[in-house]
Amino acid sequence: MGAVQSTVKIIDMQKFIRTLLGRLRGAVSDRRWAPRLDARLFFSVLLLEEKPSNSGVGPMQPLVGRTRNLSESGVALIVPSLRIGTGYLNEENATLRLMLDLPTKRIELHVAPVRSYQLDEHEREQGYFIGAKITYISDDDFSRYKEYLRKLGAPR
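Residues numbered from 1 in each chain as written. Predicted model: local features only at pLDDT ≥ 70, side-chain atom pairs only at ≥ 80, totals over all residues. Heavy atoms only, no water.

1. Remarks on the nonpolar core
A general feature of soluble globular proteins is that nonpolar side chains tend to end up buried together. In this structure, Leu70, Leu100 and Tyr145 are the most contacted members of the largest nonpolar core, which totals 30 residues. For this core, the secondary structure elements donating two or more residues are strand 2 (42-48), strand 3 (63-70), strand 4 (74-79), strand 7 (95-101), strand 8 (106-118), strand 9 (128-137) and helix 2 (139-153). When near neighbours in sequence (up to four residues on either side) are disregarded, Tyr145 contacts Leu70, Ser71, Glu72, Gly74, Val75, Leu100, Leu102, Ile107, Ile134 and Ile137. Membership of the second largest hydrophobic core comes to five residues, among which are Ile78, Tyr117, Leu119 and Phe129. (Core = buried A, V, L, I, M, F, W, Y, C linked by side-chain atoms within 4.5 Å. Buried < 20%, exposed > 50% of the residue type's maximum accessible area, 1.4 Å probe, protein only. Helix = DSSP H or I, 4+ residues; strand = E, 2+ residues; numbered from the N terminus. Contact = heavy atoms within 4.5 Å.)

Right, here's the structure in full:
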């Protein structure tokens, strides 16, 4: 019983440290070069695997979430879980396939997580925050995306 409790405490401490480092990284060094614009859009996300799994399990089901903000270089995502299938959305070197629902059309982006943390009970949203940089977007989708960002940033 003591070993199990010790393991749980270690896991809790690791989770706490990851959350703290994610928040400090954002507060200490703001490395963004593109302005962030608040936007609450639905998306679905899948973890792109380098090699397909032969485990006999069916295709992975996408996870659904909402954006917090967007920029030309990155996205802030809110998801109910970091786990998808047998992987994690915040793994180092992960690539996420994001299907983003713009008001006019659904577009596809590939993003790489840069930081993540669990949202606490004092925030209006629940789940997990993932800050991600855009690593791939087609020219057509990027054109639509930039147009949407332009409209978001236009004075009202």
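So much for the structure itself; the text now carries on.
2. Overview of the side chain of His110
As for its position among the elements, His110 is in strand 8. For His110, the residues in contact, after removing those within four places along its chain, are Leu48, Thr95, Leu96, Arg97, Lys133, Ile134, Thr135 and Tyr136.

3. Digging into the pattern of salt bridges
Scanning all chains against the criterion turns up six salt bridges. Close ionic contact of Glu125 with Arg68 constitutes a salt bridge, the shortest N to O distance being 3.0 Å. Placement of the pair is Glu125 in the loop between strand 8 and strand 9 and Arg68 in strand 3, with a sequence separation of 57 residues. No difference in accessibility class separates Glu125 from Arg68, as the two residues are buried. A salt bridge links Asp101 to Arg106; the nearest nitrogen and oxygen atoms lie 2.6 Å apart. For Asp101, a relative accessible area of 26% gives the class partly exposed. Look at the salt bridges and you will find they share partners, linking Arg40, Arg68 and Glu125 into a network. (Salt bridge = Lys/Arg side-chain N within 4 Å of Asp/Glu carboxyl O.)

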